[in-house]
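A structural walkthrough
Chain residues, written in single-letter form:
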Amino acid sequence: MHASKDISRLIEIMAALRTPVTGCPWDLEQSFETIIPYTIEEAYEVADAVERHDMDDLREELGDLLLQVVFHARMAEEAGAFAFGDVVEAVTTKMIRRHPHVFARSDADTPGAVKLQWDAIKAEEKRERAERRALRGTTEPSKSGFLGGVHRAQPALSEAVKLQQQAARVGFDWSEPGPILDKIEEEVAELREALAAGQPEKVSDELGDLIFALVNIGRHVDADPETALRGTNAKFRRRFSHIETELERSGETLEAATLERMEGLWQAAKAIERAL
């Protein structure tokens with residue numbers, strides 16, 4: 001077996017890995033459910049490579065993500081459901097259908113018009129999918145109410161943004177950031193009360209409310225919460241690395257350093273970043 005730029009080789013490799021007796025024991029014992037965490041992890045690693053502008057890593061991580069698609073498709077083929085080619089056909093059909101302004105005739109010639117057209121086509125596709133489920137006798141996931149179209153199967157931050165966007169379509173939204181900041185302060189106060197009362201469940205509830213309000217302010221100022229938090233995570237890594245490096249340079253260890261000592265180095269790292 002040799003490497004190739006042809007997708008068919010990757011499909012052949014996966015088939016070999018999943019072949020009973022001669023295949024890989026680890027791959028053979030996997031299922032859709034056990035593979036899901038790896039699929040999600042690979043998607044995040046693609047995002048990480050993009051944020052670092054590392055094209056070599058991006059090439060590798062896109063390959064790893066593609067492998068996940070091939071893995072799921074292979075297991076579906078073994079179950080007699082569909083194969084990789086069906087996945088490709090489904091997405092190409094969808095993209096051609098959703099872009100009549102590119103592949104057919106359409107009056108959508110602005111981003112706004114394209115968005116309206118996209119939503120209308122998606123709505124029609126959802127109706128058709130519901131009809132196919134009915135013919136198969138498959139139960140449709142619960143999507144009742146105005147917010148039913150917002151999928152639960154996504155990161156909580158993303159779900160919060162989409163829930164707020166959906167509610168805003170019927171006017172359930174603030175018109176400016178000011179009142180949201182007031183709401184954030186209100187949630188902070190309620191979190192303080194819950195902490196003072198020593199109520200773990202209440203603390204968790206109020207923390208969720210606070211995060212939801214923070215997501216809302218991000219949405220209103222066009223700052224994606226996930227992107228913002230990933231940026232802060234990267235900043236935390238840089239500054240903590242500075243603490244670690246400076247302690248090592250002084251012959252100290254993280255374990256022995258006091259909080260005051262580490263805080264001083266943290267502030268020094270902040271000063272260096274600001275100067276740069």
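This section reports on the structure supplied with the text. All values reported here derive from a predicted model rather than from experimental measurement.

As a further point, take the overall build of the chain. Tallying secondary structure elements over the chain gives 12 helices and zero strands in all. Counting from the amino terminus, helix and strand elements in the chain follow one another as α-α-α-α-α-α-α-α-α-α-α-α. For a compact globule of 276 residues, the expected C-alpha radius of gyration is about 19 Å, and the chain comes in at 25 Å, more than 25% above that figure. Put simply, 47% of the contacts in the chain that link residues at least 6 apart link residues at least 24 apart. Surface summary for the chain: the accessible area is close to 19,200 Å², and the carbon and sulfur share equals 58%. Between the centroid of the 35 positive side chains of the chain and the centroid of its 52 negative side chains there is a distance of 5 Å.

Here we come to a nonpolar patch on the surface. A contiguous nonpolar patch, built from Phe146, Leu147, Val170 and Phe172 and spanning about 440 Å² of accessible area, is present on the exposed surface. Turning to its location among the elements, Leu147 is positioned in the loop between α7 (111–136) and α8 (156–168).

Despite not being glycine, His53 has its phi angle at roughly 55°, a positive value. Tracing the backbone shows His53 in the loop between α3 (32–51) and α4 (55–78). Under the relative-accessibility criterion, His53 is labelled exposed at 66%. With a phi angle near 60°, Asp222 is a residue other than glycine that sits in the positive phi range.

Turning next to a positive patch on the surface. Taken together, the side chains of Lys94, Lys122, Lys126 and Lys162 make up a positively charged region of the molecular surface. Along the chain, Lys162 falls in helix α8.

One pass over the full model with this rule turns up 22 salt bridges. Notably, a salt bridge pairs Glu77 with Arg74, separated by 3.6 Å at the nearest N-O pair. Of the two residues, Glu77 and Arg74 both sit in helix α4, three residues apart, roughly one turn of that helix. Residue Glu77 is classed as partly exposed on the basis of its relative accessible area, which comes to 39%. Residue Arg74 is classed as partly exposed on the basis of its relative accessible area, which comes to 23%. Three or more residues joined by partner-sharing salt bridges are found here, namely Arg18, Arg74, Glu77 and Glu78.

A word on the layout of surface pockets. Over the atoms, a rolled probe matching the size of one water molecule traces out where space is still vacant. Considering only enclosed or pocket space, the largest pocket measures out at about 1,400 Å³ in volume. Residue lining of the largest pocket: 26 residues in total, with Arg98, Lys122, Lys126, Arg129 and His151 positioned closest to the centre. If you list the elements that add at least two residues to the lining of the largest pocket, you get α5 (84–98), α7 and α8. A total of 10 residues in the lining of the largest pocket trace back to one element, the largest contributor, which is α7. A volume near 300 Å³ is recorded for the second largest pocket. In terms of lining residues, the second largest pocket is bounded by 14 residues, among which Gln164, Phe172, Trp174, Phe212 and Asn216 are the most central. The set of elements that each furnish at least two residues to the lining of the second largest pocket consists of α8, α9 (177–197) and α10 (200–220). Here the lining of the second largest pocket takes five residues from α10, the largest share from any one element. Of the residues contributing to the lining of the second largest pocket, the split by class is seven nonpolar, two polar and five charged.

For the rest of this paragraph, the subject is the packing of aromatic side chains. Any aromatic ring pair is given by two values, namely how distant the centres are and how the planes are angled relative to each other. Per the counting criterion, the structure on display carries three aromatic pairs. Between Phe236 and Trp266 the ring centres are 5.3 Å apart and the planes differ by 55°, which places this aromatic pair in the tilted class. In this pair, Phe236 is assigned in helix α11 (residues 225–249) and Trp266 in helix α12 (residues 259–275), connecting sequence segments 30 residues apart. Across the ring face of Trp118, the terminal group of Arg98 is positioned such that the distance to the ring centre comes to 4.9 Å.

We now examine empty space enclosed by the protein. This structure, assessed with the given rule, holds one cavity of 30 Å³ or more. Lining the largest cavity are Ile11, Val70, Ala73, Arg74, Glu77, Ala83 and Phe84. For the lining of the largest cavity, the element with the most residues is α4, which contributes four residues. Grouping the constituent residues of the lining of the largest cavity by class yields five nonpolar, no polar and two charged.

Basis of the calculations
Counting restarts for each chain: residues are numbered from 1 in the order of the written sequence. With pLDDT at 70 or above as the cut-off, local features in this predicted model cover only qualifying residues; side-chain atom pairs require 80 or more to be listed or tallied, and sums for whole chains, interfaces and linings still use all residues. The basis for the side-chain values is all heavy atoms of the structure; hydrogens and waters are excluded. The secondary structure listing takes helices from DSSP runs of H or I that are at least 4 residues long and strands from runs of E that are at least 2 residues long, numbered from the N terminus. The quantity called the radius of gyration is restricted to C-alpha atoms. Its globule counterpart is 2.2 Å times the number of residues to the power 0.38. A contact between two residues is defined here by any heavy atoms of the two lying within 4.5 Å. For the accessible areas, the method is Shrake-Rupley and the probe is 1.4 Å, while residue cover comes only from the protein chains on display. We count Lys and Arg on the positive side and Asp and Glu on the negative side, and we leave His and both chain ends out. A charged residue contributes its charge at one atom only: NZ of Lys, CZ of Arg, CG of Asp or CD of Glu. Only residues whose relative accessible area exceeds 30% and that take part in no salt bridge are eligible for patches, with like-charged residues grouped when within 9 Å of each other and nonpolar side chains (Val, Leu, Ile, Met, Phe, Trp, Tyr) grouped when within 5 Å. Between Lys or Arg on one side and Asp or Glu on the other, a salt bridge is scored when a side-chain nitrogen of the former is within 4 Å of a carboxyl oxygen of the latter. For every residue, the accessible area obtained with a 1.4 Å probe (protein chains only) is divided by the maximum for its type, and the residue is called buried under 20%, exposed over 50%, and partly exposed between those limits. A cavity here means a set of points on a 1 Å grid, drawn over the protein atoms and nothing else, where a 1.4 Å probe fits but cannot get out; a pocket is an open set with protein on both sides within 12 Å along at least five of seven lines, and a residue lines either one if it has an atom within 4 Å of a point. Grid points are joined across faces, edges and corners, and a volume is the space filled by probe spheres set on the points. Amino acids are sorted into nonpolar (Ala, Val, Leu, Ile, Met, Phe, Trp, Tyr, Cys and Pro), charged (Asp, Glu, Lys and Arg) and polar (every other residue, Gly among them). Any Phe, Tyr or Trp ring, taking Trp's six-membered ring, that has another such ring centre within 6.5 Å forms a pair; planes under 30 degrees apart are called stacked, those over 60 apart edge-to-face, and the others tilted. By the criterion adopted, a ring carries a charge over it if an Arg CZ or a Lys NZ lies within 6 Å of its centre and within 35 degrees of its normal.

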